[in-house]
Structure formats: C-alpha cells, structure tokens
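What follows is the residue order along each chain.
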Amino acid sequence: QYTTHIEYFNIPVVANSTTFGSIASQGRTNPTGTGSDTRMLIAGGFYYSGSETLDNRVRNDIDYLTIATTGNTTDFGDLTVKRTSTGSTSNNVRAIFIGGFAGTSGRTNTMDYVTIDTTSNATDFGDMSGAGSYASTASGT
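My aim in this report is to walk through the structure given alongside it, one point at a time. (Residues numbered from 1 in each chain as written. Predicted model: local features only at pLDDT ≥ 70, side-chain atom pairs only at ≥ 80, totals over all residues. Heavy atoms only, no water.)

1. Focus on the packing of aromatic side chains
Selection rule: Centres within 6.5 Å are what make two rings of Phe, Tyr or Trp a pair, Trp counting through its six-membered ring; a difference in plane orientation under 30 degrees is then read as stacked, over 60 as edge-to-face, and the rest as tilted. Runs of E in the DSSP output that reach at least two residues are strands. Runs of H or I that reach at least four are helices, and both are numbered from the N terminus. Note on classification: 1.4 Å probe, protein chains only; a residue is buried when its accessible area is under 20% of the maximum for its type, exposed when over 50%, partly exposed between these limits. Charge-over-ring contacts are defined here by two conditions on Lys NZ or Arg CZ: a distance within 6 Å of the ring centre and an angle within 35 degrees of the ring normal.
Taken as a whole and assessed by the stated rule, the structure comprises two aromatic pairs. Ring centres 6.0 Å apart and planes at 80 degrees place the aromatic pair Y64 and F76 in the edge-to-face group. Within this pair, whereas Y64 is found in strand β5 (residues 61-66), its partner F76 is found in strand β6 (residues 74-78), the two being separated by twelve residues in sequence. With respect to burial, Y64 and F76 carry one shared label: buried. With centroids separated by 5.9 Å and ring planes inclined at 70 degrees, the aromatic side chains of Y113 and F125 adopt a geometry described as edge-to-face. Taken together, the residues span a long stretch of sequence, with Y113 in strand β9 (residues 107-115) and F125 in strand β10 (residues 123-127) at a distance of twelve residues. Cation over ring: R39 sits above Y64, and NZ or CZ is 3.9 Å from the ring centre.

Next up, the structure:
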C-alpha cells in the first residue's frame, strides 16, 4: 500500500510523531527528500497500481511543503528523468538530486538541481562518474 501521509516530530522533544498533511501528487515508495530551513522537497519514487509498465511506475514528480505550517504538499515541478531510489542534498538555496533507478533504462548517472525557493522543473547539473542509486550525500551550509 502506497501512502500520501506525512508525519512530523520535534527533534528536541521525545514524543510520538504527529500528522503533518498529505502528498498532493500520487503516493509512492522510495522518494528522496531534501530542502532548506523553510521548505521541504520530496522527489521521484515508485508507484504501482497493478497495470502500469515499469517505466510508468517510476515518478518524476517534485512536491514541496512549508516546514513552519502543517498541510499538504504542492506541486514544485519535475525531475529531468523519472527515477526512484535517488540521493539528494542541499545547501539551503539549491537542492541536487543524484542518480537513481530509471525503470527499463536501469540505474542513471543523472544529476539535477532546483532553486528551493522557486518552483520550477529541475535543470541538468551534470553527470555522476558512474550510474548508481541510493546515493549517500552530505552538504555544508
């Protein structure tokens, strides 16, 4: 079962999570998340209802939410390539989406970027030296 449900918790407080809202686009598994101090981005992922071809199961959606207020996500734009199991990182201004699994094309070396405060489709950032998925990332701000 794929879900659109979003939960949150306050890190300084030991407590259970609380409902934040829902993902406005299709529920999916293995999306990636990154963002800034004010905005969270959720990109890519995989969805299957039983009838889609492999390439139509992999998503290119980017959704965002404003961290300070609970609520549902809003459409941000699209990745340049549909993919799941993607890595992501940001420096509070720019978010980068790295690699992933692109359906029948297999793993990809694609890297995209967006400016976090401006909704738009992703732009090509360059290529990884090799194709891969589940990239581990880090960033200094």
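Still more ground to cover, so stick around.
2. What about the sheet that holds strand β3 (residues 32-35)?
Counted only if it meets this: Only strands that DSSP links by at least two bridges are regarded as paired with each other. An axis is simply a line fitted to the C-alpha atoms; with a helix, the fit covers only the stretch in contact. Between two such axes, the angle follows the N-to-C directions and lies from 0 to 180 degrees.
Reading across from one edge, β3-β4-β5-β6 is the order of the four strands in this open sheet, with antiparallel pairing throughout. The open sheet has two edge strands, β3 and β6, and neither has a second partner. If you compare each strand with its neighbour and ignore which way they point, the axes differ by 30 degrees on average. Sheet analysis places β5 next to β6, joined by four bridges and oriented antiparallel. Paired with D61 across the two strands is D78, which belongs to β6.

3. Overview of the pattern of salt bridges
Operational definition: For salt bridges, the criterion is a side-chain nitrogen of Lys or Arg within 4 Å of an Asp or Glu carboxyl oxygen.
Inspection of every chain in the model, using the stated rule, returns four salt bridges. Put simply, R59 and D61 hold a salt bridge, and the shortest N to O gap is 3.1 Å. Ionic contacts of the salt-bridge type, sharing partners, join the residues R28, R59, D61 and D63 into one network.

4. Notes on unusual backbone geometry
A positive phi angle, near 60 degrees, is found at N30, a position not held by glycine. Assignment of secondary structure puts N30 in the loop between β2 (18-22) and β3. A relative accessible area of 35% places N30 in the partly exposed class. With phi around 60 degrees, S85 is a residue other than glycine that occupies positive phi space.

5. Looking at the sheet that holds β9
Spatially, β7-β8-β9-β10 is the arrangement adopted by the four strands of the open sheet, whose pairing is antiparallel. Strands at the two margins of the open sheet, each flanked by one partner only, are β7 (87-90) and β10. For this sheet, the mean inter-axis angle between neighbouring strands, taken without regard to orientation, is 25 degrees. With four bridges connecting them, β9 and β10 associate as antiparallel partners. Opposite D112, over in β10, you have D124 as the bridge partner.

6. Observations concerning the nonpolar core
As a reminder of what qualifies: Joining through side-chain atoms within 4.5 Å is the link that ties buried Ala, Val, Leu, Ile, Met, Phe, Trp, Tyr and Cys residues into a set, and such a set is a nonpolar core. Residue contacts follow a heavy-atom distance rule, with two residues in contact if any of their heavy atoms lie within 4.5 Å.
Ranked by size, the top nonpolar core spans eleven residues in total: L41, A43, I62, Y64, F76, L79, A95, F97, V114, I116 and A122. Only β4 (39-43), β5 and β8 (94-101) provide two or more residues apiece to this core. Setting aside its immediate chain neighbours within four residues, A43 contacts R28, P31, T32, D61, I62, L79 and F97. Counting five residues, the second largest nonpolar core, distinct from the first, contains I6, I23, I42 and L65.

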